[in-house]
Amino acid sequence: GSFMSLWSTYSHCQAATDVDQLRENALTLTNAANRSLTQEGFVLPLPGKLEQFVSTPATRFAVDVKAMAAACSLRAGSAAVEAGKLSLAKDLLQTVLSYQSQSEYAYYTLQAKTLLSKLETNIFEVTLNLP
């Protein structure tokens, strides 16, 4: 999508409270971030001998779409926890963990790991209290 549509989605994610809307926003941003990295669909009609010298142009955004996707996924994951939708929360947080190999997203992955560890602790406490 265009920058303005992505920014609108991100802004909506920061203001929304409905878990399903947050999930949709997170998915939209994550898909946009993945598309911007793969550059699928770029075709430049050149003779075969020249193609090897041409690289795919980078998509340029004013902001880091991957960071926007991670922030939105964290927000959606937190909202899902509050709503008691733990499976959805884990799925959303796992998308953030896919960025852990890249140091510029360390803040987001640390937040996701922290929230996931709290989820696992809460689940463990609940199972201990069952008759």
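The structure we're discussing is the one just above.
Source: prediction; values computed, not measured.

**Student:** What is the right way to read the overall build of the protein from this model?
**Tutor:** Looking only at helices and strands, one finds 6 helices and 0 strands in the protein. Along the protein, helices and strands appear, N-terminal first, in the series α-α-α-α-α-α. Expressed as a percentage of contacts within the protein between residues at least 6 apart in sequence, the contacts between residues at least 24 apart total 61%.

**Student:** I tried to follow the pattern of salt bridges on my own but got confused; where do I start?
**Tutor:** Any two side chains of opposite charge can pair if their charged atoms end up close together. In the structure shown here, the tally under the stated rule is 2 salt bridges. Residues Asp20 and Lys85 are paired through a salt bridge, measuring 3.9 Å at the closest nitrogen-oxygen approach. You can see Asp20 sitting in helix 2 (residues 19–38) and its partner Lys85 sitting in the loop between helix 4 (65–82) and helix 5 (86–97), a full 65 residues away along the chain. A residue is classified by how much of its surface remains accessible, and Asp20, at 43% relative accessible area, is partly exposed. Classification of Lys85 as partly exposed rests on a relative accessible area of 36%.

**Student:** Would you take a moment to explain the side chain of Asn25 for this structure?
**Tutor:** Structurally, the position occupied by Asn25 is in helix 2. For Asn25, the residues in contact, after removing those within four places along its chain, are Thr9, His12, Cys13 and Cys72.

**Student:** What am I meant to see in the packing of helix 4 against helix 5 here?
**Tutor:** Pairs of packed helices are described in terms of their axes, by the angle between the two and the distance that separates them. In the contact formed by helix 4 and helix 5, the axes pass within 8 Å of each other and the chain directions differ by 160°. One element, helix 4, and the other, helix 5, form an angle in the roughly antiparallel class. Crossing hand, helix 4 versus helix 5: left-handed. Listed contacts from helix 5 to Ala70, Ser73, Leu74, Ala76, Gly77, Ala80 and Val81 of helix 4 are Leu86, Leu88, Ala89, Leu92, Leu93, Thr95 and Val96.

**Student:** Would you mind showing me how to read helix 1 (residues 3–15) here?
**Tutor:** Three- or four-residue spacings in an α-helix give side chains the same orientation, since the helix completes a turn every 3.6 residues. Taking 1.5 Å of rise per residue, 13 residues should cover 18 Å, and helix 1 covers 18 Å from first to last C-alpha, within 8% of that figure. Burial in helix 1 covers these residues: Leu6, Thr9, Tyr10 and Cys13. The arc that holds every buried residue of helix 1, seen down its axis, measures 95°, which confines them to one face. Away from its buried face, by an angle of more than 90 degrees, helix 1 presents the exposed residues Met4 and Ala15.

**Student:** Hey, could you run me through the state of the cysteines in this one?
**Tutor:** As used in these notes, a disulfide is a covalent bond between sulfur atoms, one from each of two cysteines. Considering all chains together, one arrives at 1 disulfide under this definition. Note on cysteine connectivity: Cys13 is disulfide-linked to Cys72, with sulfurs 2.0 Å apart. Sign of the S-S torsion, about 110° for the bond between Cys13 and Cys72, identifies this disulfide as right-handed. Of the two residues, Cys13 is situated in helix 1 and Cys72 in helix 4; the sequence distance between them amounts to 59 residues. Classification of Cys13 as buried rests on a relative accessible area of 0%. Using a relative accessible area of 0% as the deciding quantity, one classes Cys72 as buried.

**Student:** Can you walk me through a nonpolar patch on the surface in this structure?
**Tutor:** A cluster of nonpolar side chains, contributed by Met4, Trp7 and Val63, occupies part of the molecular surface with about 280 Å² of accessible area. Tracing the sequence through the fold places Trp7 in helix 1. Residue classification places Trp7 among the partly exposed residues on the basis of a relative accessible area of 35%.

About the cut-offs
Residues numbered from 1 in each chain as written. Predicted model: local features only at pLDDT ≥ 70, side-chain atom pairs only at ≥ 80, totals over all residues. Heavy atoms only, no water. Helix = DSSP H or I, 4+ residues; strand = E, 2+ residues; numbered from the N terminus. Contact = heavy atoms within 4.5 Å. Salt bridge = Lys/Arg side-chain N within 4 Å of Asp/Glu carboxyl O. Buried < 20%, exposed > 50% of the residue type's maximum accessible area, 1.4 Å probe, protein only. Axes fitted to C-alpha atoms, helices over the stretch in contact; angles between N-to-C directions. Parallel < 35°, antiparallel > 145°, perpendicular 65-115°, else oblique. Left-handed = near helix turned anticlockwise from the far one by under 90°. Expected span 1.5 Å × (residues − 1). Arc of directions from axis to C-beta. Disulfide = S-S within 2.5 Å. Patch = residues over 30% accessible without salt bridge, like charges linked within 9 Å, V, L, I, M, F, W, Y side chains within 5 Å. Areas by Shrake-Rupley, 256 points an atom, 1.4 Å probe, with all protein chains shown as cover.

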